[in-house]
Amino acid sequence: FVPGQEEGNVTFVTDGGAGEFVPDTEPQSVAETVARWLSDPELLREMSHCAQKLARPQASLDIARRICEGFLDLGTGGAEAKADPAEPEAPAAAAALAAAAPSGIGRTDVAGSLMEMGYPESEARAAARRCSSVEAAVQWLAANPDIRE
């Protein structure tokens, strides 16, 4: 638990079996807890397994995608409106999605970047064949939701 971090994360980790909470105001308890973990390889394996089950490595990208999809639905027709790539919301959403990509993603590999962002390989490759940048590819995919190659 890091002071200032969302307290719900502590409950998520402890309820999920991936860790324990020890107040940082009790350094002796912190040391004892870590020593107990280090002396029990089976406990460490179990906590590791639980942490892997809880992991959501694409969570921030999924959130960004949902937010951007909301932008695309803000057309003049209300929530039922389809995304129109000519409307200003679509390029803004595409740029926001591409900007949300982890910093280690190489912008020159459009298909790889799209797959890192969670797009299926077939869709990523189809967009990469048509677009020279991640931003343009995201915009193209938003405008062509039924693409399957």
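Figured I'd write up the structure that's included with this text. (Residues numbered from 1 in each chain as written. Predicted model: local features only at pLDDT ≥ 70, side-chain atom pairs only at ≥ 80, totals over all residues. Heavy atoms only, no water.)

## Concerning the overall build of the protein chain
Within the protein chain, the secondary structure is distributed over 8 helices and 0 strands. N-terminal to C-terminal, the α/β element order of the protein chain is α-α-α-α-α-α-α-α. In the protein chain, which comprises 149 residues, the share counted as buried stands at 28%. Put simply, of all contacts in the protein chain between residues at least 6 apart along the chain, 38% involve residues at least 24 apart. (Helix = DSSP H or I, 4+ residues; strand = E, 2+ residues; numbered from the N terminus. Buried < 20%, exposed > 50% of the residue type's maximum accessible area, 1.4 Å probe, protein only. Contact = heavy atoms within 4.5 Å.)

## A short note on helix α3 (residues 41–54)
When the terminal C-alpha atoms of α3 are compared, their 20 Å separation across 14 residues agrees well with the 20 Å that a helix rising 1.5 Å per residue should span. Those residues of α3 that fall on the buried side of the exposure criterion are M47, C50 and L54. The arc enclosing the buried residues of α3, seen along the axis, measures out at 60°, which places them on a common side. For α3, the exposed residues set more than 90 degrees away from the buried face come down to R45, Q52 and K53. (Expected span 1.5 Å × (residues − 1). Arc of directions from axis to C-beta.)

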